[in-house]
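Here is what each chain is made of, one letter per residue.
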Amino acid sequence: MRKLHRWLMSVVAVLLLYWACSGLTLAIFDATDASQGWNDGGGPGARPLGRTGDIALPARGMGERLAAIASAARALAPDAPLTSIELRSEPDGLRGVVAIGGASPRTLTFDPDGPRLLGSSSAVASLANPPARNVPGSGQAIHNAIKSWHRGNVVGTWGVAVAIFTGLCALVLALSGVWMYFSLWRRRARAGRRAFFWS
């Protein structure tokens, strides 16, 4: 058992060091990146959900605004189903976003005061263009890049397989270490030295 323990330790020591360093890097980045909120998947930094400059949703008139946005969207797409309606707080103001299904699914964006149509995009285009916080160089993009290195999936299936192998080896090392400790303790106990800890 001792030979297996030593062999595994020599093989996986570098991998365990890699995962420890990448995990520490991820934790430090998340704790110090002020651009991420808890809703971005960051942590463990004590950051609020909101960001500087965010506009709070109005305490009153939400129902009336949503109803007006729904009516405006219905006028633009009378025969298509409305699949969702949202009132969002964006850096440049409040926005009403309506998802329209049917034969030509698309998203309509309104200025809720009016309401006034600000833009329209197809569902395919919306999926192809992620939110601004995921663009290269943003905090969330860097967080995801470090996480992909930490998980090993930056190199595809092989990286994930190596991560799983390293985790299993760590489990075997822990179990074999416990087994070796109690094996040595039993030998010491037979010699009259029953202390669980010794130098």
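Scroll up a little and you will see the structure.
Parameters at a glance
Residues numbered from 1 in each chain as written. Predicted model: local features only at pLDDT ≥ 70, side-chain atom pairs only at ≥ 80, totals over all residues. Heavy atoms only, no water. Core = buried A, V, L, I, M, F, W, Y, C linked by side-chain atoms within 4.5 Å. Buried < 20%, exposed > 50% of the residue type's maximum accessible area, 1.4 Å probe, protein only. Helix = DSSP H or I, 4+ residues; strand = E, 2+ residues; numbered from the N terminus. Contact = heavy atoms within 4.5 Å. Pairing = 2+ DSSP bridges. Salt bridge = Lys/Arg side-chain N within 4 Å of Asp/Glu carboxyl O. Axes fitted to C-alpha atoms, helices over the stretch in contact; angles between N-to-C directions.

Caption draft 1: Region of the structure containing the nonpolar core. Ile69, Ala72, Ala73, Ala77, Ala80, Leu87, Val98, Ile100, Leu108 and Phe110 together form the largest nonpolar core, which totals 10 residues. Contributing elements (two or more residues each) for this core: α2 (62-76), β2 (93-100) and β3 (106-111). Excluding residues that lie within four positions of it along the chain, Ile69 makes contacts with Ile85, Leu87, Gly96, Val98, Phe110, Pro112 and Pro115.

Caption draft 2: Representation of the pairing of strand β4 (residues 116-122) within the structure. Where β3 lies against β4, six bridges are found, and the strand directions are antiparallel. Across the sheet, Thr107 pairs through a bridge with Ser121, a residue of β4. If you look at the hairpin formed by β3 and β4, you'll find four residues sitting between the two strands, and Gly114 has a positive phi there, around 150°.

Caption draft 3: Fine view of the pattern of salt bridges. Tallied over the entire structure, the rule returns three salt bridges. The residue Asp113 makes a salt bridge to Arg65 at a minimum N-O spacing of 3.1 Å. Of this pair, Asp113 sits in the loop between β3 and β4 while Arg65 sits in helix α2, and the two are 48 residues apart along the sequence. Here Asp113 falls in the exposed class, since its relative accessible area comes to 53%. Close ionic contact of Asp111 with Arg116 constitutes a salt bridge, the shortest N to O distance being 3.4 Å.

Caption draft 4: Quick look at the pairing of β2. Among the eight residues in β2, eight count as buried, and that is most of the element. When strand β1 (residues 82-90) meets β2, the two strands line up antiparallel, connected through eight bridges. Bridging from a neighbouring strand, Ser84 pairs with Ala99 of β2. The hairpin formed by β1 and β2 contains two residues between the paired strands. Direction of pairing for β2 relative to β3: antiparallel, over a ladder of five bridges. Residue pairing for β3: Ile100 is matched across the bridge by Arg106. Hairpin connection of β2 to β3: five residues between the antiparallel strands, including Gly102 at a positive phi of 95°.

Caption draft 5: A look at the sheet that holds β1. With antiparallel pairing, four strands are arranged side by side in an open sheet as β1-β2-β3-β4. Among the strands making up the open sheet, the edge pair consists of β1 and β4. Each adjacent strand pair in this sheet contributes to an overall mean axis angle of 20°, direction not counted. Each of β1, β2, β3 and β4 touches α2; the most contacted strand, β1, lies at about 130° to it.

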